[in-house]
Each structure stands twice: as C-alpha cells, then as structure tokens.
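Descriptive analysis of the structure
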Amino acid sequence: MRLKRKDLLGIEELSAEEITLILTTAESFREVSEREIKKVPTLRGRTVINLFYEPSTRTRTSFEIAAKRMSADAVNISVSASSVVKGETLKDTARNLEAMRPDCIVIRHASAGTPHMLAGYVGCSVINAGDGAHEHPSQALLDMLTVKEKKGRIEGLKVAIIGDITHSRVARSNIYGFTRLGASVTVAGPPTMLPPGIEALGCKATTNMEAALKDTDVVMMLRIQLERQKESFFPTIREYSRLYGLNEEKLRKAKPDAVILHPGPINRGVEISSEVADGPYSLILDQVTNGVAVRMAVFYLLLGAAREE
Amino acid sequence: MRLKRKDLLGIEELSAEEITLILTTAESFREVSEREIKKVPTLRGRTVINLFYEPSTRTRTSFEIAAKRMSADAVNISVSASSVVKGETLKDTARNLEAMRPDCIVIRHASAGTPHMLAGYVGCSVINAGDGAHEHPSQALLDMLTVKEKKGRIEGLKVAIIGDITHSRVARSNIYGFTRLGASVTVAGPPTMLPPGIEALGCKATTNMEAALKDTDVVMMLRIQLERQKESFFPTIREYSRLYGLNEEKLRKAKPDAVILHPGPINRGVEISSEVADGPYSLILDQVTNGVAVRMAVFYLLLGAAREE
Amino acid sequence: MRLKRKDLLGIEELSAEEITLILTTAESFREVSEREIKKVPTLRGRTVINLFYEPSTRTRTSFEIAAKRMSADAVNISVSASSVVKGETLKDTARNLEAMRPDCIVIRHASAGTPHMLAGYVGCSVINAGDGAHEHPSQALLDMLTVKEKKGRIEGLKVAIIGDITHSRVARSNIYGFTRLGASVTVAGPPTMLPPGIEALGCKATTNMEAALKDTDVVMMLRIQLERQKESFFPTIREYSRLYGLNEEKLRKAKPDAVILHPGPINRGVEISSEVADGPYSLILDQVTNGVAVRMAVFYLLLGAAREE
C-alpha cells in the first residue's frame, strides 16, 4: 500500500487510513535507528532538499538524519534575509530547484500556505516542515506515533492541548490528527491565545486549564515563544506559568497514567515544571526518536514506494 | 579522451576541442539526473570542497548535487566576514585545505584572479565558480550546452548578450565560449555598462539593444544587480527596463525561433518580462538542469578520467 | 585492542598506552587519505553530529572529512547566538540530540568542561573539539603524531611551547600528552600569559623564550588571538613579536634539526616569521594532514572497534 499523493502538506487533508498507514510504516522504520548500522538502501540516488526560510536546528537535523538513514542525498538550503534567493518569487525559486531534479523538497516558511504553493509549482514531492501558524504535519504524526506506542491506540483517548493555541501550527495539526483517529481533543489557553471558532476544527476549547486536564489521557504542552512576550498576550510570564504551566499538582487532574508531550525546546519552569518534564510519564524524548522514524516513513511513502506502482 | 589540465579557471584558456569535450561529456551525464536512481559510482571516495567567499545558494547547490550524484563526498565552507580563515592569507588557506587531501576545490570569490592564485598553490583541481567580474566558466558551459541542445549546434549562430556587460563574469565567459565555437556575439547595454575595448574579446558592441537583437538566434539577458543601483549606472530602473529590458515587442527583432537565456535569478519586469521568461522559447530552466550535468562532466574530466591516464 | 572509554574529553585522563594506541591506529589510517579512493566502509551507517558553539571552519572540516572517509553520515549543527537551541539547557540539547540516535557528538564550546557535562548526559560517544581554555585533545594527538612521524619517537624529546599559555587549550593538552609519553616540556610566554602554578602540570615555565628554545627538539608556537589585544596582555604586537615571535635567529638556540609546529591559522610576522613557517623544518601542513588521520582513528576506536567487544 502507498500514499496516493505526492506531498505531505497538512494533516487536515489526510484520511484516517492515510494517517494509520504512515504510523504503521514509521513503526517498522523505528528499529533502523536502534541498529548498529543505522542505514537502509531504500532511497539511494534520491535527492532531498531541506529549504528552510526559518532557522530550525532541531527539525532540519531530524529530516537530514532521516534522509541519510534512507541513503538519500540531503542538501541543506538556509534562506537568510540576505540571500539572493530572497529577491526571487517563490515560483521562480521552486522551478529552479525542480530543474536540479530533487525528489523531495522539505520546506519551512513563516507564511501559512507557502508549502502548498510550492507543491503546485513543482512535480517533485513537497513536505511541509512548518508554515506559519498553520500546520506542522510531521510533528503531529510523531506525536500520534508516540501516543500510540505508549497507549496502544489513539481512538477513544482524551487529549488536552495547552498553551498558545492561536499561534501554534503544532496544535492545529494535532487537533486534525487526533480527532481524525477518534480521540477527543480539548484545547486550553488564555483568552488572548484561544482563536475564536477553534471548535470548528472538531475540538472543545476552554480558558480553564484544570477543566481541560480533567480525566485526560494525553497532555500536550505547547512552547511559549518568550520572544513574543513583548506583544503582551499575558501580563507576566510568572502569571502565565501559574495559570497555564504544567506541574505535578495540576497533573493530578488528569488520569493517573496520563502521558505528557511537548514539541520542544521546553522552557523549564514556564510552561512545564522540571519534575513533570523529567518524570516517568513524560514522552518528550520519545517524540524526538519517533520524529526520525516518522520522517523516514514519509520519505518512503512519498518517494520510495512509488517504485512499486 | 580527457582534459589535459587540472583546473577549470576560465573559458578564455580553453580550446574549441576542450569545450566540445566538456559539452559532449555533459550530454552523456544529463540522463543520470532523469533516472529514478540519480547516482553513478564514478567519484566514490573523492572529496570536493565548496569554498564560497560570496554567498550563493544556487551555484553551491548545483555543484553539491553534481558532486553527490557522482558519489563524491562534498564539504561546504562558507567564509563569512567573521570567519577566522579571513585573517589568513589565501595561500595559507589553500595549503591547509590541500593538506586534508581534497580532490577538488570549487571556489567563488569577489576578487578576479583568486581561483588562479589558488590553483597555483595547490596540487588538487580547482574550479572557478565565479571570480569578481572576471569569469564564471561553468555558467558559460551550461549556457552553451543549453543552446547546443536546442539548436543542434553553436557554430554560425548569432548571439546577443544584453545588460551590464562591465560587471558580468557571465558575459565575459560566454563571449569567450561562443566565439571560440564559431558563433558571432554582440553585446549591448547602456554606455555606463559597456566596457571600452570589449570588442578585443572578439565580439561586437552597441548601446542599441534593438540593433543587437536583429536576426539573432540566441538572446542572453543578464541580471541587473538592483543593489548596485545606488551607484547610478542608469537614471531609473524604469528607464533601464524600457531601453534594455526584454519583452515580446523587442523580441520580434530577433529570429522567430530565437531562444532566451538568463543566468538567474531573474528580476521579472526589469531586465525580462514575465511573458518572455515563461514563454515557449525561454530556456531558463533548461540552463539550471544542464548546470548539474555540466558540473558532473567537469568533475569527471578533472578527477575521474585521470584514472585512465 | 580498543579504547576502554566511550568519550575523548581530554588528554589529561589518558594513559600513555591509550595515547600510543590512538597514534598507532592513526598511522594506519594515514594512507587512506593518500589513496585515489579515500574511503573505508568501517563506519557505514553511523551518525556523527558536529555540534559547534564556536565557529571553526578548520576543525569542523577536518572532523567532517574524517567521518565521511570512514563512511559515516556527518551532520553539522552551528549554534549561533540567535538559535532556538540557545534558550535550552545543555542537558536538554544533549538529551534531544541523543534521542535521534547519533553514535558520536563532536562538540566545541567556549566554556571549559562543557564536553564533560555533555558526555555525562548522553550514552553515545562525545569528542571534545575544544572547550574554552581547557583542552583540545585531538589537536594534541595530531601534534604528537606529527612529531613521532618525523622524530621516530616522543620519549626523551625536549619540547618548547611558546605564546599565550594561559588562554591556550592547545598548550594544556600538549603538556599532558608530551609529558605522559616521556618528553620534557617547557612553556614560555610573557608574564601576563603564563598561568601561575602551570608547573603542576609537569612542565617547566619561563618568561625567557631563548631559554625555552635552548637545545629543544620541538618548537610549538601558539596563535596570538589578535582580537584579544584590546585586553592588553602585552604593550604592542610589535613588542610581542620581538620578544616571543619565532624567527631564524631565535631558532638557532634550538637543536639544528628542531621541528616547528603551529596549530594554525598562523599570523605571519607576528608569532612566526614566514621564513620559519615555510622553512624545511616546519611541520605545519603535516599537522593538518595528520589531523584527518587522528580523527579517523578516534572515530574508529570509539565507535568502530566497539563491534569487536
């Protein structure tokens, strides 16, 4: 079986079957990174371009390692403000890159929808590695893989997503993903960070963190962008932390075996206390490990499986 | 057959036979990038260093992809203003890099002649990826390859090169290359951008774009460095575009089947209109594709074929 | 035989046997870089992360080339001031990188002891590529390899290390290494650059360069950090050069066949004259070549030989 699409642009457009296919494939790739020789020849001779318009050590490294473990050639392009490419339209950049015959372009961009435009311009595969506050599909897939690994299922679980929902592509992709697989999702955050009408995505919303945590199986904390604090979405960090930071006391509202996720990097003592982040139910590092597996699976399903068409 | 030289520093010093050898070799490598497995083992175990003193996403990426498709190891070094290497003489940088036993150094530098100095300092191959306003030989080779692909020949063609001739290494390399292969070249640009005595390179020169275009087979537009506009080589961009920008109306002066080239990135509506850039005779994307093939061929002829000596 | 440790953090903790094992292994890898096909399959499927918190073209390139010639996958991470990773604790960065299952992290950091902390946080191998003014073990190993190559031995040699001893991790690692192998080491520099109590490391110390050079077999010059000059460790560069710069006249104090080392990049005419740097007894470029061999050996002994456990 394979994905009947050339691109991974968002979770919104994926069916439950497609998500499950990616997760199942990722499960089979997980053991590659646990081997001594962490390499399969599947994508030898394929070229992956990591085109990052926003700096991201972590996500870029995960995609680069995933590509190399599949034996693909990985080429990194960081588009800083000073780059010549900046003067070009996205369409021209896209067409020019395509002319070098990559098999896949992984793109991160500050503007929502940019990967979708790129995918329309090129014949090769495009993977959205984060577009503005819109989607970050590989993050949601690794989150679902991590929950499935520990809980054995997604369906029927209660998931709470806490933090700056308005600006979070991670929240958006996860709302789509977890609800598509039959979980129920509640988002919580200060009124300034809860977009009106978010319930239309299929989740519940509340400004009361404790209410969101009640009897939940999964607690997903979002990173607070401290650099955004000057825009004053909440009075002080201390106040944010008191109301919306996760600590052991608040965690008691959740189920006793509730697992904790965070996309990283974490702000210790702000949105999550160290005792919770390092505690027995934290899956934060499993997420990172699963990130490589999910990206290997996505490369495989978009590029490799095509051979068997 | 092979190149009897260790370096590719400029087109000026190449014979017609050498240029033809590179183009013929590039033609045979072109199909590698059209395969599913875009990789040949020819340069396995060879090390290519991309040493860029000027930022260049596009050219560096093309060389990196070419090296990797030949199975060479590619190492990128960007020398920014802050780098320690900056305090070193070029000779010391050269000798130190050579001591790590690369097979080839690809260098871009703002000063004309730097690659030639480097080639004198090291025993490994050196490829000039652009030196000031002097030469950019791999660009001219890919331009010739592209024209030959569409026209079936270079000899006897009329070529017009339009724009800032004075500051263009692309123009200079192409004047050498196309005239060497028997084409006739006319350059055109505003008086402030036409270097006196340029005819000594074997071309004609005019400030009248229409005259240059008359009955031409190939129109090569150069990129206007908008950032150079503050030096005021022409009154306004609008005026430049009116006099020296290519649009469909001006293109009618050329032969009906004239092809359009541009080294990219293009400034749409400045030196070239979108209708021409995206039109049926535009070869701009073919140039990019041929760039990878030409660079694979140059690596092969400088490094790989040596084995058969 | 193999190293019974997972990390290379400093020379201080290495026994003479361990140093000798690394040097002997490096000797056997030296010829790989002299082959036409500079590649062995030993570390195929292993992942090496180069994590550089300080910019270093030279050392990073040497580690990257060494990894690739061992067939490992190399991933570069440059942590600039602006990086998101900066907001993270070292422990979180460490754990996150480890979760991607690298086999080795090569780290350079401005703070002494950072690689040791990193090594405590992760199960994979850690190599110190320079930590503040503390240690730079692979540099000392390549220095010892270079001396051993020319002199046939280390034991019984007289070694003079000249320059800014206080701020030099190169000096510190070499004092440990050469004395451990039975050489006698004298350090010399201006009083402001000679740390009190340095003799506790097993060397002699003097402010008189000529005294240090007397009858020495090895002269190791250190790089003067010209950018540190504003802190005024000596009145003028000219005065430093007159008192502590190496030229042919001063070199006459050493043995007639004394060899010259410098970790690079050199400041010609400051700490070393061109006639000496380029003279017949200069081993500066041999050091660079041996740097790749030593790093291949360290990768092999930390990662590859483990398979034979």
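Use the structure listed above.
Every value quoted in this text rests on a predicted model; they were computed, and no experiment measured them. In every chain, residue numbers begin from 1 and rise along the written sequence. Both sets of labels track the order of writing: A upward for chains, 1 upward for ligands. Since the coordinates come from a predicted model, pLDDT governs what is reported: local features require at least 70, and pairs of side-chain atoms require 80 or more to be given and counted, while whole-chain, interface and lining totals use all residues. The side-chain figures draw on all heavy atoms in the structure; neither hydrogens nor water molecules are used.

**A word on the relation of the copies chain C and chain A**
Placing chain C over chain A gives an RMSD of 0.0 Å and needs a rotation angle of 120 degrees, together with 0.0 Å of translation along the axis. This pairing of chains is accounted for by a three-fold axis. To line up the copies, we fit them by least squares on C-alpha atoms, keeping just the residues with pLDDT of at least 70 in both.

**Examining the packing of helix α1 (residues 16-29) of chain A against helix α11 (residues 284-304) of chain A**
The relative placement of two packed helices comes down to the angle between their axes together with the axis-to-axis distance. All names here are of chain A. Comment: axis = line fitted to C-alpha atoms, over the contacting stretch for helices; angle = value between 0 and 180 degrees taken between N-to-C directions. Per the convention used, a helix needs a DSSP run of H or I reaching at least four residues, while a strand needs a run of E reaching at least two, with both numbered from the N terminus. It is at 8 Å that the axes of α1 and α11 come closest, and there the two elements cross at 115 degrees. In this structure, α1 meets α11 at a crossing whose hand is right-handed. Of the residues in α11, those in contact with Leu21, Ile22, Thr25, Ala26 and Phe29 of α1 are Ala293, Val294, Met296, Ala297, Val298, Tyr300 and Leu301. In this scheme the handedness of a crossing depends on how the near helix is turned from the far one: anticlockwise by less than a right angle means left-handed, clockwise means right-handed. Should any heavy atoms of two residues lie within 4.5 Å, those residues are considered in contact.

**Some details on the interface of chain C and chain B**
Across the contact, 23 residues belong to chain C and 24 residues belong to chain B. A quick way to say it: buried area is the sum, across both parts, of accessible area lost when two parts are put together, with a 1.4 Å probe. Interface area for chain C against chain B, summed over the two sides, is near 2300 Å², with a carbon-plus-sulfur share of 52%. A pairing counts as a salt bridge when a side-chain nitrogen of Lys or Arg comes within 4 Å of a carboxyl oxygen of Asp or Glu. Between Arg268 of chain C and Asp92 of chain B there is a salt bridge, with its nearest N and O atoms 2.7 Å apart. Of all the secondary-structure elements, those providing two or more residues to the side of chain C that touches chain B are α2 (57-69) and α11 (284-304) of chain C. When residues of the side of chain C that touches chain B are assigned to their parent elements, the largest contribution, 9 residues, is made by α2 of chain C. Only Asp, Glu, Lys and Arg are considered charged in this grouping, and only Ala, Val, Leu, Ile, Met, Phe, Trp, Tyr, Cys and Pro are considered nonpolar; every other residue, Gly among them, is considered polar. Residue composition of the side of chain C that touches chain B, by class: 7 nonpolar, 5 polar and 11 charged.

**Considerations on the side chain of Thr47 of chain C**
Within the element layout of this structure, Thr47 of chain C appears in strand β1 (residues 47-52). With a 1.4 Å probe rolled over the protein chains alone, any residue whose accessible area is under 20% of its type maximum counts as buried; one over 50% counts as exposed, and the rest are partly exposed. On the basis of relative accessibility, which here comes to 2%, the residue Thr47 of chain C falls in the buried class. Other than its neighbours up to four places away in sequence, Thr47 of chain C contacts Ile65 and Arg69 of chain A together with Asp73, Val75, Arg101, Pro102, Asp103 and Cys104 of chain C.

**Some points on the interface of chain C and chain A**
In this assembly, 24 residues from chain C lie in contact with 23 residues from chain A. Counting across the chain C and chain A interface gives 6 salt bridges. With a shortest N-O distance of 3.0 Å, Glu36 of chain A and Arg46 of chain C are connected by a salt bridge. As used in this structure description, the phrase polar contact means that two N or O atoms lie within 3.5 Å; if the pair is within protein, one of them must be able to donate a hydrogen and the other to accept it, and residues adjacent in sequence are counted only when both atoms belong to side chains. Our count for the chain C to chain A interface comes out at 14 residue pairs in polar contact (both at pLDDT 80 or more). Mapped onto the side of chain C that touches chain A, the elements with two or more residues apiece are β1, β2 (73-78) and α3 (90-99) of chain C. Top element by residues in the side of chain C that touches chain A is β2 of chain C. It accounts for 5 residues. Grouping the constituent residues of the side of chain C that touches chain A by class yields 9 nonpolar, 6 polar and 9 charged.

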